Amino acid sequence: MEMNWRQNKKEKHKLFRDWSFLLKSGASFSESIRLLHNTHPGFEKELESIEQEVMEGGDLPHAFENVFGRLESVYVSVGARSGDIWESFEKLADYYDRQKKAREMWIEAMSYPVMVLLLSVGIFIFLILFVVPIFEEVYRESGGELPGLTRAIIHISEWVQSYGLIGIPLVAWAVIWLYRLRKNDEIKIKWISIAIRIPIMGRLFLLNEKRRFFYLFGFLNQRKEELIHTLMVSSSGISSIHLKNGVDQIIRELKEGNSLHEAMANTNYFTSSEALMIKIGEESGDLPSVVHRIVESLDQKIDIQRKVLQKMIEPLMLVIVGGIVGTILIAMYLPLFQMGQGME
C-alpha cells in the first residue's frame, strides 16, 4: 500500500504513543482504531487498511508491514506473541521520538550552511547575469586579447544567459529522479557504500545504524526472545549492508559456540568497549540494561559527530562563497591589471 504523504515520522511518534495508551487503558484493538480515526486523520486510510486485513483473518504483523514497513512489523510481531502490543507501540513511539529529535538537531545544524549555500548561488547568478556582461561589453569595445580565466567566466555568463531557463526544469527533473531512485534497493545499497567512506559523514551514518540495531536488540532481548532470532530481527531494521554482514558473522560464530561478546569483538563494526559492555551484561544477566547504556552512549557520540560536522561545514561554506566571488572578480579585473602593467 502506498503511504499517505502526510504520514511522516513526526506524526508516527504521536500515533503510536496514543495507540499504546488506548490499549494499555483497556480498549480493544478495534476500539482503539476507531478512536484514532478522530485524533489522527492523516492516518485514516492506513488504519482502515489494518482493520480490514485483521477482520478478514489476516496476520497483524503482515498488515503493519504492508502499511508502515518492516520495522513496525517486527515490533508488532513481538508484541503479538507476548500479548503486550501496547508495549511494542510504546517502544515505537520512543524510537520515532528519538528520530524526530535527531531530525530537528540536523535541521538546526544544517540551516546556516544551507542559507550560506543559497546566498552563494544567488551571488553567483547576480554576478554572472549582471556584472560580467558589463565588463564584457567594455572589453569588447577596447579590443585586445583577454586572459584565459576572463574568457572562461564570460563564456559561462553567455551560456547561463542563453540556456539558464532551460536548466531550471532540468534541475527540477534531476531532483525528482534522484528522490525516486532512493526507493530502489540496489541504488540505496550503492549510495550507503559510498556514504560510509565519507569522513565524519560515514562515521555518523554507521553510528546511527548501530543505534537502531542496539535499540531493537535491547527491546527484543528484554522480551526474552531467542538470541539468534533477536540478532536476525534486529539486523532487518538497519540499512547498512556492511553492518548486516557484521551481524551475520556474529550469528555464525554463535552457532559455532562462541559467546556474544566474543563474536562481536571479532567483527570490524563494533568497538571493543561495546563488546566489553555486552560481556558485562552477559555475566550479570542484565543484558537489556547494558544495551540501553550502549544506546545512550551512541546518542552522545552522534551528537558530538554532528557538532564536529557543523563546525567543519560552516567555514567550508564561507570559503566556497569567497572562492566564487573572488574568482569572478579577479577574472573581471585581471585585464585591467594587465593594461596597467602595459602602460607602465
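Keep in mind the model is a prediction, meaning the values are calculated, not measured. Numbers given to residues run from 1 along each chain, matching the order in which its sequence is written. Residue-level local features of this predicted model are given only where pLDDT is at least 70; pairs of side-chain atoms are given and counted only at 80 or more, and the full residue set underlies all totals for whole chains, interfaces and linings. Here the side-chain values reflect all heavy atoms present in the structure, with hydrogen atoms and water set aside.

Only DSSP runs of H or I with at least four residues qualify as helices, and only runs of E with at least two residues qualify as strands; both kinds are numbered from the N terminus onward. On a plain count of helices and strands, the chain comes out with 14 helices and zero strands. When the helices and strands of the chain are listed from N to C terminus, the series reads α-α-α-α-α-α-α-α-α-α-α-α-α-α. In terms of overall dimensions, the chain is more spread out than a globule: its C-alpha atoms have a radius of gyration of 28 Å, far above the 20 Å expected for 344 residues. Each principal axis of the C-alpha distribution contributes one length, and for the chain these read about 90 × 50 × 30 Å. Burial statistics for the chain: of 344 residues in total, 39% are counted as buried. Note on contacts: a residue pair qualifies if any of its non-hydrogen atoms lie within 4.5 Å across the two residues. Within the chain, contacts between residues at least 6 apart in sequence are counted, and of these 64% link residues at least 24 apart. For the accessible areas, the method is Shrake-Rupley and the probe is 1.4 Å, while residue cover comes only from the protein chains on display. A total accessible area of about 19800 Å² is found for the chain, and carbon and sulfur atoms account for 61% of it. Computed over 39 positive and 43 negative side-chain charges, the separation of the two mean positions in the chain equals 2 Å. Restricting the calculation to C-alpha atoms gives the radius of gyration, and the globule rule supplies 2.2 Å times the number of residues raised to the power 0.38. Throughout, exposure labels follow a simple rule: accessible area from a 1.4 Å probe, protein chains only, divided by the maximum for the residue type, with under 20% read as buried, over 50% as exposed, and the rest as partly exposed. When charges are tallied, Lys and Arg are placed among the positive residues and Asp and Glu among the negative ones, while His and the ends of the chain are skipped. Where a charge sits is defined by one atom per residue type, namely NZ (Lys), CZ (Arg), CG (Asp) or CD (Glu).

Before going further, it helps to examine the packing of helix α6 (residues 85-142) against helix α9 (residues 201-222). Fitting a line to C-alpha atoms yields each axis, with helices limited to the stretch in contact; the angle taken between N-to-C directions then spans 0 to 180 degrees. As a packed pair, α6 and α9 sit with axes 11 Å apart at the nearest point and diverge in direction by 165°. The angle between the axes of α6 and α9 places the two elements in the roughly antiparallel class. In the packing of α6 onto α9, the handedness of the crossing is right-handed. Residues E87, S88, K91, D94, Y95, R98, Q99, A102 and W106 of α6 lie in contact with α9, whose contacting residues are L204, N208, R211, R212, Y215, F219 and Q222. Three classes are used, and their members are as follows: Ala, Val, Leu, Ile, Met, Phe, Trp, Tyr, Cys and Pro are nonpolar, Asp, Glu, Lys and Arg are charged, and the others, Gly among them, are polar. Of the residues that constitute the contact of α6 with α9, the class distribution is six nonpolar, four polar and six charged. Roughly parallel means an angle under 35 degrees; roughly antiparallel means over 145; roughly perpendicular covers 65 to 115; every other angle is labelled oblique. Crossing handedness follows the turn of the near helix against the far one: under a right angle anticlockwise gives a left-handed crossing, and clockwise gives a right-handed one.

A residue's pLDDT is the confidence the predictor assigns to it, expressed on a 0 to 100 scale. This prediction gives the chain a mean pLDDT of 82; 90% of its residues lie at or above 70. Scored below 50 in pLDDT, residues 1-7 shows 19 contacts in the model against residues more than four places distant or in partner chains.

Next up on the list: the nonpolar core. Ranked by internal contacts, the top residues of the largest apolar core, which has 63 residues, are W19, F64, F89 and F214. The element contributing the most residues to this core is helix α14 (residues 287-343), with 11 residues. In this view, F64 contacts F16, W19, F29, I50, G69, E72, S73, V76 and F89; residues no more than four positions away in its chain are not counted. We define the nonpolar core as a collection of buried residues of types Ala, Val, Leu, Ile, Met, Phe, Trp, Tyr and Cys that are connected through side-chain atoms lying within 4.5 Å of one another. With 12 residues, the next largest nonpolar core counts V132, Y139, I328 and A331 among its residues.

Once that is clear, we can look at the packing of helix α5 (residues 70-82) against α6. Pairs of packed helices are described in terms of their axes, by the angle between the two and the distance that separates them. The interhelical angle for the contact between α5 and α6, taken along N-to-C directions, is 150°, at an axis separation of 7 Å. Taken together, the axis directions place α5 and α6 in an arrangement best described as roughly antiparallel. At the point where α5 passes α6, the crossing takes the right-handed sense. Seen from α5, the contacting residues are L71, E72, Y75, V76, V78, G79 and A80; seen from α6, they are I85, S88, F89, K91, L92, Y95 and Y96.

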